[in-house]
Amino acid sequence: MIPAGRVQTLTGLTANQLREWSNRRNLVPPDIEARGPGRPALYSWQTVLLLRIAVVLRERFKIELQSHKDLLHALRDLFSGVPFPALRGCVLALRAMEHGELLHEGMVSVGTDDQDTLFLRLNPHLDVLEVEFALQDQSGQLPLFRAVRVR
């Protein structure tokens, strides 16, 4: 989990935009709500990924997010439980802006139901998130307790 300040850096959202999207409009709520001064809201990598996708939808495709609030909530459920490495090489297919599917890049198809589909590659977003959420090397950390001989 990372605090809101780091989320702003990773998404390009301002503090006001993040508060607006997360709290006031409830588009992509934080995983852990803020609990007063000095205790900021916390976001998981899945939530940050969803925020980055929302930014792309709004900035690049000029999509009004409020009208697709249910889709954003459904995408949050779609990403939950999916391991980070499993998303490598995947594309998010937004079918008629009503529901999303995760497809491998080689399996991208328009489908047989004649729905218009918007395809978003996930690798560029995962590359950014991987740096922030990578496990840190703890080898230089001193042990909290000294070793005790057990007999």
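Residues numbered from 1 in each chain as written. Predicted model: local features only at pLDDT ≥ 70, side-chain atom pairs only at ≥ 80, totals over all residues. Heavy atoms only, no water.

(A) Spatial organisation of the packing of aromatic side chains. All told, the structure shown has one aromatic pair when counted by the stated rule. Ring geometry for Trp45 and Phe84: centres 5.0 Å apart, planes at 75°, overall edge-to-face. A residue pair is termed long-range when its members are at least 10 positions apart, and Trp45 in helix H3 (residues 45-59) and Phe84 in the loop between helix H4 (69-79) and strand S3 (90-95) qualify at 39 residues. Across this residue pair, the class does not change: Trp45 and Phe84 are buried. (Phe/Tyr/Trp six-rings, centres within 6.5 Å; stacked < 30°, edge-to-face > 60°. Helix = DSSP H or I, 4+ residues; strand = E, 2+ residues; numbered from the N terminus. Buried < 20%, exposed > 50% of the residue type's maximum accessible area, 1.4 Å probe, protein only.)

(B) Seen up close, the nonpolar core. Of all hydrophobic cores here, the largest spans 39 residues; its most connected members are Leu49, Leu57, Leu94 and Leu122. Counting only elements with at least two residues in this core, the list comes to helix H1 (4-11), helix H2 (15-24), H3, H4, S3, strand S5 (117-121) and helix H5 (123-133). Of all the elements, H3 adds the most residues to this core, at 10 residues. In this structure Leu94 touches Leu57, Leu71, Leu75, His99, Gly100, Asp116, Thr117, Leu118 and Leu120, once residues within four positions along its chain are discounted. (Core = buried A, V, L, I, M, F, W, Y, C linked by side-chain atoms within 4.5 Å. Contact = heavy atoms within 4.5 Å.)

(C) View of the sheet that holds strand S4 (residues 99-104). Taking strand neighbours across the sheet as the criterion, the three strands line up as S4-S3-S5 in an open arrangement whose pairing is antiparallel. Every other strand in the sheet has two partners, leaving S4 and S5 as the edge strands with one partner each. Recorded for the sheet is a direction-independent mean angle of 25° between the axes of neighbouring strands. Of the strand pairs in this sheet, S3 and S5 are connected by five bridges, and their pairing is antiparallel. Among the inter-strand pairings, Leu94 is bridged to a residue of S5, identified as Leu118. (Pairing = 2+ DSSP bridges. Axes fitted to C-alpha atoms, helices over the stretch in contact; angles between N-to-C directions.)

(D) Representation of the pairing of S4 within the structure. Note: S3 against S4, six bridges, orientation antiparallel. The residue of S4 that forms the bridge with Arg95 is His99. Taking the residues that link successive antiparallel strands as the turn, the S3-S4 hairpin has three residues, and the phi of Ala96 there is positive, at about 55°.

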